[in-house]
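What the coordinates show
So the chains spell out like this:
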Amino acid sequence: MLLLYKATLAPALLWQGSRLRRTALRLPEPEGERSGVVAGTPGDREVRVLVIGDSSAAGVGVEHQQEALAGPIAVALAQRTGCTVHWQLAARSGLDTVQARQFLRTVPLQPADVIVSALGVNDVTSQTPPALFVRQYKQLLRDVRRRTGARIGIVSGVPPLHQLPAAPQPLRWYLGQCARRLDQELQYFCEKEGRLRYLSLHWADPREMSQDRFHPGPVQYARWAQMNAEAIARALVLPCPETTATGPSATLRTG
């Protein structure tokens, strides 16, 4: 049925897509270190987190990595568990799953316990079929696991593009339908894999997006980081010590 709609709407979709690519505000990736250590409670265990993906993983939409995804995941995880968290970011704008796999081959990766991934939007725009998308994602995760020793993957779903403010109708509706198909296939894949945890992004509020009306804003990144930290803690069965409202102290060191 979606193919029928695509054929019927093709002239409008092509025109709107071309116009969106020409006129969209292009934000840079945020400044800041892409690896570091967040000190937790002395004597507690250490956890190593690798964040991979596209522009959202890279933090596009905010000005500094401290407001983005990777570093804040480490801070939230250290606060939640008391663990010392080593983190690394390996992401770049514009990547689909195939390109991300190729890109990661060029990046020196540190050992990791957990992979946090965010991909899919560029697979929607490049019209990757759902089955192929998941197959490519599986190959990417297999490669990264082999290189880093990671035991667990926290896989963010494909964003709800039917809410994308930057895209006009009917393009927004069509992208949303394509994203939904990829997201459902990805969720099913994660449920079958015991070492993967699927993290839905359907809570995202379009009113909280960045100024380009395409990427997350600071509030969304903060919530997303907290959700990833909670998922990591549950997946690794990490302790949750008694804390104050703000949690135990956690000091960010970059390097």
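The sections below set out a description of the structure shown in this document.

The rules behind the values
Residues numbered from 1 in each chain as written. Predicted model: local features only at pLDDT ≥ 70, side-chain atom pairs only at ≥ 80, totals over all residues. Heavy atoms only, no water. Buried < 20%, exposed > 50% of the residue type's maximum accessible area, 1.4 Å probe, protein only. Helix = DSSP H or I, 4+ residues; strand = E, 2+ residues; numbered from the N terminus. Arc of directions from axis to C-beta. Contact = heavy atoms within 4.5 Å. Polar contact = N/O pair within 3.5 Å; in protein donor to acceptor, adjacent residues only side chain to side chain. Axes fitted to C-alpha atoms, helices over the stretch in contact; angles between N-to-C directions. Parallel < 35°, antiparallel > 145°, perpendicular 65-115°, else oblique. Left-handed = near helix turned anticlockwise from the far one by under 90°. Salt bridge = Lys/Arg side-chain N within 4 Å of Asp/Glu carboxyl O. Phe/Tyr/Trp six-rings, centres within 6.5 Å; stacked < 30°, edge-to-face > 60°. Lys, Arg positive; Asp, Glu negative; His and termini not counted. Core = buried A, V, L, I, M, F, W, Y, C linked by side-chain atoms within 4.5 Å.

**A short note on helix H4 (residues 97-104)**
Here H4 has its buried residues at Thr97, Ala100, Arg101, Phe103 and Leu104. The arc enclosing the buried residues of H4, seen along the axis, measures out at 165°, which places them on a common side. The inward-facing, buried residues of H4 contact strand E2 (46-53), strand E3 (84-91), helix H5 (121-125) and helix H6 (130-148). Between the side-chain oxygen at the start of H4 and the backbone nitrogen of valine 98 there is a gap of 3.2 Å, and the oxygen is on aspartate 96.

**Some words on the packing of H4 against H6**
Here H4 crosses H6 at 15°, and the two axes come no closer than 9 Å. The angle between H4 and H6 places the two elements in the roughly parallel class. Crossing handedness for the pair H4 and H6: left-handed. The residues of H6 that touch H4, namely those facing Thr97, Val98, Ala100, Arg101 and Leu104, are Phe133, Gln136, Tyr137, Gln139, Leu140, Arg142, Asp143, Val144 and Arg147.

**With respect to unusual backbone geometry**
Of the consecutive residues glutamine 169 and proline 170, the connecting peptide bond is found in the cis state with omega at 5°. Within the secondary structure layout, proline 170 lies in the loop between strand E5 (152-156) and helix H7 (171-192). With a phi close to 60°, glutamine 127 is a non-glycine residue in the positive phi region. Relative to the helices and strands, glutamine 127 is located in the loop between H5 and H6. The phi torsion at arginine 213 lies on the positive side, around 60°, for a residue other than glycine. The residue arginine 213 is located in the loop between strand E6 (196-199) and helix H8 (218-235) in this model. With a relative accessible area of 45%, arginine 213 lands in the partly exposed category.

**Comments concerning the side chain of aspartate 113**
In this structure, aspartate 113 sits in the loop between H4 and strand E4 (114-118). Taking relative accessible area as the criterion, aspartate 113 reaches 9% and is therefore assigned buried. Every residue in contact with aspartate 113, bar those within four places of it in the chain, is listed here: Glu46, Val47, Arg48, Ala150, Arg151 and Ile152.

**Let's talk about the pattern of salt bridges**
Taken as a whole and assessed by the stated rule, the structure comprises 6 salt bridges. Across the salt bridge formed by arginine 34 and glutamate 29, the nearest N and O atoms sit 2.4 Å from each other. Arginine 34 sits in the partly exposed class, given a relative accessible area of 25%. Taking the relative accessible area as the measure of exposure, glutamate 29 reaches 24% and is therefore partly exposed. Residues aspartate 205 and arginine 207 are paired through a salt bridge, measuring 2.8 Å at the closest nitrogen-oxygen approach. A relative accessible area of 19% means that aspartate 205 is categorised as buried. Among the residues examined, arginine 207 registers a relative accessible area of 74% and is labelled exposed. If you follow the salt bridges from partner to partner, you end up with Arg101, Arg142, Asp143 and Arg146 in one network.

**With respect to the packing of aromatic side chains**
Here the structure, examined in full by the defined rule, presents 2 aromatic pairs. Ring centres of phenylalanine 133 and tyrosine 137 lie 5.6 Å apart, and the angle between their planes is 80°; this geometry places the pair in the edge-to-face category. Placement of both phenylalanine 133 and tyrosine 137 in helix H6 is noted, with a separation of 4 residues, approximately one turn of the helix. The class of phenylalanine 133 is buried, set by a relative accessible area of 0%. The interplanar angle of 20° and the centroid separation of 6.1 Å between the aromatic rings of tyrosine 221 and tryptophan 224 together place this pair among those described as stacked.

**Observations concerning the side chain of aspartate 96**
Position of aspartate 96 among the secondary structure elements: in the loop between E3 and H4. Notably, aspartate 96 is buried but unbridged: the nearest opposite-charge side chain belongs to arginine 92, and the N-O separation is 9.3 Å. Of the polar contacts made by the side chain of aspartate 96, one reaches the backbone nitrogen of valine 98; its length is 3.2 Å. With residues up to four places along the chain from it excluded, the contact list for aspartate 96 reads Leu119, Asn122, Asp123 and Ser126.

**Comments concerning the nonpolar core**
Of all hydrophobic cores here, the largest spans 40 residues; its most connected members are Val49, Val51, Leu77, Val116, Ile154, Trp224 and Ile232. For this core, the element with the most residues is H8, which contributes 9 residues. Apart from the residues lying within four places of it in its own chain, the contact partners of valine 51 are Ala57, Leu69, Ala70, Ile73, Gln88, Leu89, Ala90 and Val116. If you look at the next biggest cluster of nonpolar residues, it comprises 39 residues, including Val121, Leu141, Ala150 and Ala167.

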